[in-house]
Each structure stands twice: as structure tokens, then as C-alpha cells.
Amino acid sequence: MKFQIEDVTVYFPYDHIYPEQYCYMIELKRTLDAKGHCLLEMPTGTGKTIALLSLITSYCLSKPQSPMKLIYCTRTVHEMEKTLAELKILHNYQIKHLGPQARILAIGLSSRKNLCVNPTVVAAENRDSVDAGCRKLTASWVRALASENPDVAMCEFFENYEKAASAAVLPPGVYTLQELRAFGKEKGWCPYFLARHMVQFANVVVYSYQYLLDPKVAGIISKEMQKESVVVFDEAHNIDNVCIEALSVSVRRQTLEGATWNLSRISQEIDRFKATDASILRAEYNRLVEGLALRGNLPITDNWLSNPALPDDILKEAVPGNIRRAEHFLHVLRRLVQYLSGRLDTENVEKESPVGFVASLSSHAGIDQKTLKFCYDRLHSLMLTLEITDTDEFLHIQTICDFATLVGTYGRGFSIIIEPFDERMPHIPDPVLQLSCHDASLAIKPVFDRFQSVLITSGTLSPIDLYPRLLNFHPVVSRSFTMSLTRDCICPMVLTRGSDQLPVSTKFDMRSDPGVVRNYGKLLLEMVSVVPDGIVCFFVSYSYMDGIINTWNDSGILKLVFIETQDVVETTLALDNYRRACDSGRGAVFFSVARGKVAEGIDFDRHYGRLVIMIGVPFQYTLSKILLARLEYLRDTFQIKEGDFLTFDALRQAAQCVGRVIRSKADYGMMIFADKRYSRHDKRSKLPSWILSHLQDANLNLSTDMALHIAREFLKKMAQPYDKTGSSDKKTLLSQEELEKLGDGRMHEMSY
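Residues numbered from 1 in each chain as written. Predicted model: local features only at pLDDT ≥ 70, side-chain atom pairs only at ≥ 80, totals over all residues. Heavy atoms only, no water.

**Student:** What am I meant to see in the overall build of the chain here?
**Tutor:** In terms of helices and strands, the chain carries 31 helices and 21 strands. For a compact globule of 752 residues, the expected C-alpha radius of gyration is about 27 Å, and the chain comes in at 28 Å, within 12% of that figure. Expressed as a percentage of its 752 residues, the buried residues of the chain come to 57%. Considering only intrachain contacts with a sequence separation of at least 6, the fraction spanning at least 24 residues in the chain is 79%. As displayed, the chain has an accessible area near 30900 Å², and 51% of this comes from carbon and sulfur atoms. Each charge class in the chain was averaged separately, 86 positive and 90 negative side chains, and the resulting centres sit 2 Å apart. (Helix = DSSP H or I, 4+ residues; strand = E, 2+ residues; numbered from the N terminus. Rg over C-alpha atoms; globule rule 2.2 N^0.38 Å. Buried < 20%, exposed > 50% of the residue type's maximum accessible area, 1.4 Å probe, protein only. Contact = heavy atoms within 4.5 Å. Areas by Shrake-Rupley, 256 points an atom, 1.4 Å probe, with all protein chains shown as cover. Lys, Arg positive; Asp, Glu negative; His and termini not counted. Charge placed at Lys NZ, Arg CZ, Asp CG, Glu CD.)

Laid out in C-alpha cells, this is it:
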């Protein structure tokens, strides 16, 4: 269908549209017109992705002179592929209506691991090994050597891509990662470097958050992006955690041991170069004297992850004299490793500010702040000079230099926390030194400053007013939408007690009570008897899940269940078998963990999830020293109370878990919040409005037998045939004619 939103003709590839999709587009257009940033919460299963793509691409088509491009950030490769598949449908529809003028280039960009087509390289087990395998075949010095010695291995796909030179381009179209690989194989070109090159010419780029938020990756991938770009962070409920992880570094014993080995290896390489070609080391020294940390424009294959500090905070001065000579720099790194090793030999938890840590480092190891700032770039320069290709073996010394540069750059928003053991396993010594970032706004600030519009959207952003404070920005639009439905296909319940009237909760003082464990088991047993399809059960942590499963197993409650573990392969297998059990018509139970992989990216649509039970409130581990330091920082800097943040964080995780059950309007499902704390208004009110609007007062304080009765009635009601388009006063699917008849005011009524 084709319709107008003010001066923009929107091309939407389906015959009907949901009212909330239309209202979502109106708010998006307001944001783009204002050239500002926005926060939009849209329920799961309401076509958020296609609404975003339709409006933004149509907006670009209506302004052909504008250089605007769309940068769409997803969390997983699976979501990236889904987004590109939706865009392909939309693109075909626009070409059908507008002809060749609607042609665009849209590509997905991922790591070499997902794009490489060289069988010897891609066979490596992890991403770092694939990156190193690629470098061994494509680095400029390897290729120079191969031109003189035909026995030196090179990558034929990269060589063909280089030979094609300016002819190596992607024709217009929408390319998924699979299609990029297929195109690369067909032409004999490297898809990874082709995609990297085409990013600056593409109208739509789909990639992961890290490509914009992690300075190390953003510095080599996203520095060319135009200011006029529109950035979308989809499924962005955890965006603050992604920002914090991008600027945090952990150093353990094995890191220091690996770094010591790395330094010995680098020292051997320096000696070898001194004996065979000392002029290369002299040339590097002279370059550093002039203030060039790197060799100007490096060949694309020699590119290293960028400086971990944010672009505005990187010094543009000459490298300090005490680390210009390679052997002097190694001596500084050895002293740093030795100092860190000494700091890990502690029996008490220590917390320090970066300023105090740098002062202590300076007095004990004689390394000043400016030297620390340059560690990362100096290591990069040295490894290029020494022509080191197996970068995966040098990850430990890279981590140390990462740490040094960040601790030397930032005085605020960070803490250094040294813990001699994990508090949950105090009998096992496992010392760790963590440079922990507390301020999510640091990593995302360059994105807000640089790009015209940044859209943060998800199905669970409630309470939405906390995000502008956490990320320190001012949205021009901040809106939460509800789901328009022809029938009440969502049935949330709050269960506060078992059939024996004993309260249930995972509060620390109650969680191991035999009565609580028994009542949770009985709840599951009773629900299995009435729910014919899949049931997904979320626990607050792996340790709690393991404990409760063992107890249930001993008491004979458990029969056959499928369990998420911390092993990705095991979990994938369990999910696959769970789906097969559901497909056979017998139903199944899947046990999972809030904050786990399944809670974030796996859908339990249709018969794979008719009921989700959220056992407990998934609060973070509140004795974590890192969490306590972050809470203190949020309180002092942004005036966010500790309790408010912890509740906000726990409830967004709970909403994310239960949101897995409903993935479209034709779907239906029940959600049970099994903890007496959910009956409190201050906790419950933090849930998204699309869940709260279906949570009736009668379902707020239930026992197991009452929940069982409600479940029976709900499933009986859902089994009846229904009209998908809705009655005249409650339309949920609008055709083009109906859309034109309804005024904007009426649309807003239907959607909020």
C-alpha cells in the first residue's frame, strides 16, 4: 500500500497496516524533521522493523538531493539477516511503483568469520583466529614477499579483488550476508573487503552495535559515515550495558602470563630485525619523533583495531621519548605487567579511581600518565614494523595496552576494582583487576554528537524516562505504544502464593525455603497438565536454576525437560529438541535464565510458547563490587537512586523474558510473574504499557489453583475462531481506504 504522511509518500509492502505502525511512522517522521534523537517503545510482534524501514527509505526517496543514509544496528547476526530480508521485500515493492529511481544499495556487514569464503581461513574455530588467518595471507609485507617467492601462500579471493581495483563494486540491490558470500564466490572476490569498501557508498548498512559504540571497531569501520546518516539501535533495551562493556577491561593472572610470553616473543623479533634489517626500526623511530603514531594511510589489510579511547580524547602529540625506541617500550610494558601482577596479589577487595591508580603506578613503576595514553598506538606501530601476522596470539598484550590507554585517558566515570576471588565461590582463588566503566553516556556521546538522528527502539524500554538520564541526551520524541488487538490474546498474571497459601518469592531469605521450592514445582506441574503446547520457564540465575532443578529431581517432580546451559552448542541442541517435542503435539518444558542468550534473541512463537513463567524478580547480583560502584556513580552524577535503577533493570529483563511468548497478533500466550513482589505497584508499574494494559486487577494476587482456573478459561476462549481484522470500532488491520478515512487524531486514540 501507498499513503501520505504529510509531505512524504510512504511505500509499505503489505496490503494492511496496524494502527500502531502508522502512529510509529508519524513519530519517526517528526524526529527526522526535527533532526533530533528519539526513544520509541513498540510491542513485540507489531511489525516495528518494516515500519522503520518503510518510513526512513520513503523519507530518503522524497528528498533525493539529501545525502541521508540509514545505519541500522542489531544485536545478532540472526536479527541482521531478518532485517535485510524485510528490506528486500520493501525494495522490490518500491521498484515496482517507482522504477529504477528507487534502486538502492543495502548491505550487511559482519566479521570475517561470517563473510570469509577462503576455506582454509574460515575453518578456524573462533573469530580472532579467522582474523589472524586472513592477515597471514593478505598483509602488505606477506604480499610483497609473495611477489618474489611463489611458494608464499596468498588469498586468491583478495588478490582477485585487488586486481579488479575500481571495477570491484556491488551492483544496486539488497544483500544478506549469505548473498554477499555467494556474490564473492561467483566473482572470485573477497566478500569481507568488498563489503568494507562498499559501506561508504551504500544507502543502507546493517551491522552490530559494536561497529558504532566500541571505539576499537568504530574507528576502522564507521569513521567514514556521513553526518546526515540516521542511526537506528533496534532491540536497544540493554544499550547502556553495551556502552559500558565497550569501555571496560578485565585483567586476570592468565592475561599477565600471556602478556609476559608475548613480550619475550616481541623481544626476539626486535633482535632478529636488528641483526637483519635495523633500518626498519630506525625508520619507525624517526616517524615517531615526527609525531606520527601510525604510517599515515595504511593498506586496508594492515588495519588494526583502533585506539580504545573515544576519538575526541586521543592525543594528537608526538609519542613520548621514553617509548620511541622499541626496546625501551618493551621495558615499560614489562614494568607495567610486573606492577599489575603485584596488585593482583591481594587478599582484600580494593577499589580505586583511575587518578589514584595512575599516581600509584607512577610512584612504584615510574610510568607516567602520558606514556600510558600512548601504549595502544605504540604497540600497534611496533607490531606493524615487526610484520607480525598471527595477531590472535598477542591478544594478552593487546589487553594490557587497552587497559593502559583507557586508564591513562579517563579520570571520571571509571573505577579500578581488584577482587581476590569471585564472591559466589570464595574458596577458589581467582584474582581479577577490572577497569570498569560506569558511565554509558561516554561511549554513545560521539554517536549522538556526530549523526543527525539517532533512534533508540525496543519492545521493552519501560520506564522510558530513565534512558535519557542514563545516556545523557535530550530526545525530541519519547513515546510508548500499546498493541491494538481484536481479542485479549495476552494474559499476564501475578502469582504470589501456592495452593497451600504460603507466599512464593526468590528473595534471598526465602529462596531456599522448601515450601517455596515445592510451590514453584507444583505450579509447573499443574500448568503442564492444562497447557497443551510449549512452556518456557525463566529463572533469576544459573546457580538458582541448578539448585531448584536438583531439588525437584530428588522429589520426583521432574520428568523430561530441556535446559539452557552456558554452553552454546548444548543450548542450541536443547532448543532444537524442545521444538521437535512441541511439533509432535505433546508439548514440552524449556528451562532458561533471565539475562541468558535465550532470553535475548530466541522467539517462542505459536505452539512453541503458550505460557512463560518468570520465577522471581531477576535483580542483578547486588553484592557485586562493580555494580555497587556503578550505582554510586549514577547516584552522584545523574541523581538516579540505587533502588530505582535496580528495579528498572530487573523489570526490563523480566519484560524481555515474558515478551518471548507473543510474536504476532495472531499468536496468543500467558505470562505468569511468580513472585509476591510483583503485586507491589512500584515494581509492577515499571513493566511496559502493552503488558500492563492486559493485566487485570483480578489477576494481581493469585494462588496456584486460581492461576490454573484462569489458564483453563483463557485457553478455551483462545480456541474459538475470531476475525483477524476486527470490528468497525476496534480495527487492528487497516487497508489503504480505511487509513485515508480515519483522521490522525482517531489513529492516535487507537494507539496510545
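Let's pick the thread back up.
**Student:** Any chance you could explain the UniProt feature "domain: Helicase ATP-binding" (unreviewed entry) in the chain here in plain terms?
**Tutor:** The feature "domain: Helicase ATP-binding" (unreviewed entry), as annotated in UniProt, sits at residues 7-285 in this numbering. Secondary structure content for residues 7-285 is 58% helix and 12% strand, while the C-alpha to C-alpha distance between its ends is 59 Å. (UniProt positions renumbered as here; feature names shortened; annotations may be inferred.)

**Student:** Please explain the domain arrangement of the chain as it appears in this structure.
**Tutor:** Accessible area lost upon the coming together of the parts is a frequently used measure of interface size. Domain annotation of the chain identifies domain 1 (246-439) and domain 2 (490-719). For domain 1 versus domain 2, the separation of C-alpha centres amounts to 43 Å. Counting residues at the interface gives 13 residues for domain 1 and 11 residues for domain 2. Both sides together, the interface formed by domain 1 and domain 2 hides about 1100 Å², and carbon and sulfur atoms give 57% of it. Run the count over domain 1 and domain 2 and you get one salt bridge. (Domains from an automatic or database assignment. Buried area = accessible area lost by both parts, 1.4 Å probe. Salt bridge = Lys/Arg side-chain N within 4 Å of Asp/Glu carboxyl O.)

**Student:** Any chance you could explain the pairing of strand β1 (residues 2-5) here in plain terms?
**Tutor:** Two faces make up the sheet, and in a regular strand the side chains alternate between them. Side-chain alternation along β1 places Phe3 and Ile5 on a buried face and Lys2 and Gln4 on a face that remains uncovered. One ladder, built from four bridges, connects β1 with strand β2 (residues 8-11); its direction is antiparallel. When the bridges of β2 are listed, Ile5 appears paired with Val8. (Pairing = 2+ DSSP bridges.)

**Student:** When you look at the pattern of salt bridges in this model, what are you seeing that I'm missing?
**Tutor:** Two side chains bearing opposite charge may form a pair once their charged atoms approach each other closely. With the rule as written, the count across this model stands at 41 salt bridges. Between Asp234 and Lys48 there is a salt bridge; the shortest N-O distance is 3.6 Å. In this pair, Asp234 is assigned in the loop between β8 (230-233) and α13 (239-246) and Lys48 in helix α2 (residues 48-62), connecting sequence segments 186 residues apart. Since its relative accessible area comes to 7%, Asp234 is described here as buried. Under the relative-accessibility criterion, Lys48 is labelled buried at 8%. A salt bridge links Asp449 to Lys445; the shortest N-O distance between them is 2.8 Å. Linking Asp449 with Lys445, this pair stays in helix α19 (residues 440-450), spanning four residues, or about one helical turn. For Asp449, a relative accessible area of 46% gives the class partly exposed.

**Student:** How do you make sense of the packing of aromatic side chains when you look at a structure like this?
**Tutor:** Here the distance between the centres and the angle between the planes together describe a pair of aromatic rings. Under the counting rule described, the total for this entry stands at 27 aromatic pairs. Between Phe562 and Tyr578 the ring centres are 6.1 Å apart and the planes differ by 75°, which places this aromatic pair in the edge-to-face class. On the criterion of sequence distance, the pair formed by Phe562 in strand β17 (residues 562-563) and Tyr578 in helix α23 (residues 568-583) is long-range, its members being 16 residues apart. Exposure class is identical for Phe562 and Tyr578. Each is buried. Directly above the ring of Tyr285 sits Arg325, whose terminal nitrogen or CZ lies 4.8 Å from the centroid. Just above the ring of Tyr668 sits the side chain of Arg610; from NZ or CZ to the centre is 3.8 Å. (Phe/Tyr/Trp six-rings, centres within 6.5 Å; stacked < 30°, edge-to-face > 60°. Lys NZ or Arg CZ within 6 Å of the ring centre and 35° of its normal.)

**Student:** Would you explain helix α6 (residues 127-138) in this entry?
**Tutor:** Residues lying three or four places apart along an α-helix face the same way, a consequence of the helix completing one turn every 3.6 residues. The end-to-end C-alpha distance of α6 is 16 Å, a good match for the 16 Å that 12 residues give at a rise of 1.5 Å each. Listing the buried residues of α6 in full gives Ser129, Val130, Ala132, Gly133, Cys134, Arg135, Leu137 and Thr138. Check the buried side of α6 and you find it contacts α4 (112-115), α5 (119-122), α7 (140-148), α8 (156-164), α10 (191-198) and α17 (369-385). N-cap assignment for α6: the residue whose side-chain oxygen lies 3.3 Å from the backbone N of Asp128 is Asn126. (Expected span 1.5 Å × (residues − 1). Polar contact = N/O pair within 3.5 Å; in protein donor to acceptor, adjacent residues only side chain to side chain.)

**Student:** Hey, could you run me through the sheet that holds strand β12 (residues 429-437) in this one?
**Tutor:** Each strand in a sheet pairs with another by means of backbone hydrogen bonds, the pair being arranged parallel or else antiparallel. Within the open sheet, the four strands sit side by side as β9-β12-β11-β10. Their pairing is antiparallel. On the outer flanks of this sheet lie β9 (249-252) and β10 (350-352), each paired with one strand and no other. The mean angle between the axes of side-by-side strands here comes to 15°, regardless of whether they run parallel or antiparallel. As paired elements, β10 and strand β11 (residues 414-421) share three bridges and run antiparallel to each other. Within β11, the position partnered with Lys351 by the bridge is Ile417. Docked against the sheet, helix α15 (residues 326-344) engages β9, β10, β11 and β12, running at close to 115° with respect to β12. (Axes fitted to C-alpha atoms, helices over the stretch in contact; angles between N-to-C directions.)

**Student:** It is not clear to me how empty space enclosed by the protein should be interpreted in this structure. Could you clarify?
**Tutor:** The rolling of a water-molecule-sized probe over the atoms marks out the regions of remaining empty space. As enumerated under the stated definition, the model contains two cavities of 30 Å³ or more in all. Looking at the largest cavity, it is lined by 14 residues, and the ones nearest its centre are Cys116, Asn118, Cys134, Cys155 and Cys190. Listing elements by their share of the lining of the largest cavity, those giving two or more residues are α6, α8 and α10. Counting residues per element, the lining of the largest cavity draws most heavily on α10, at three residues. Along the lines of polarity and charge, the residues of the lining of the largest cavity split into 11 nonpolar, two polar and one charged. Approximately 60 Å³ is the volume attributed to the second largest cavity. In terms of lining residues, the second largest cavity is bounded by Asn307, Ala309, Asp313, Ile314, Leu315, Lys373, Phe374, Asp377, Thr405 and Thr409. The set of elements that each furnish at least two residues to the lining of the second largest cavity consists of α17 and α18 (395-409). (1 Å grid on protein atoms, 1.4 Å probe; cavity = no way out; pocket = protein on both sides within 12 Å on 5 of 7 lines; lining within 4 Å. Points joined across faces, edges and corners; volume = space filled by probe spheres on them. Nonpolar A, V, L, I, M, F, W, Y, C, P; charged D, E, K, R; others polar.)

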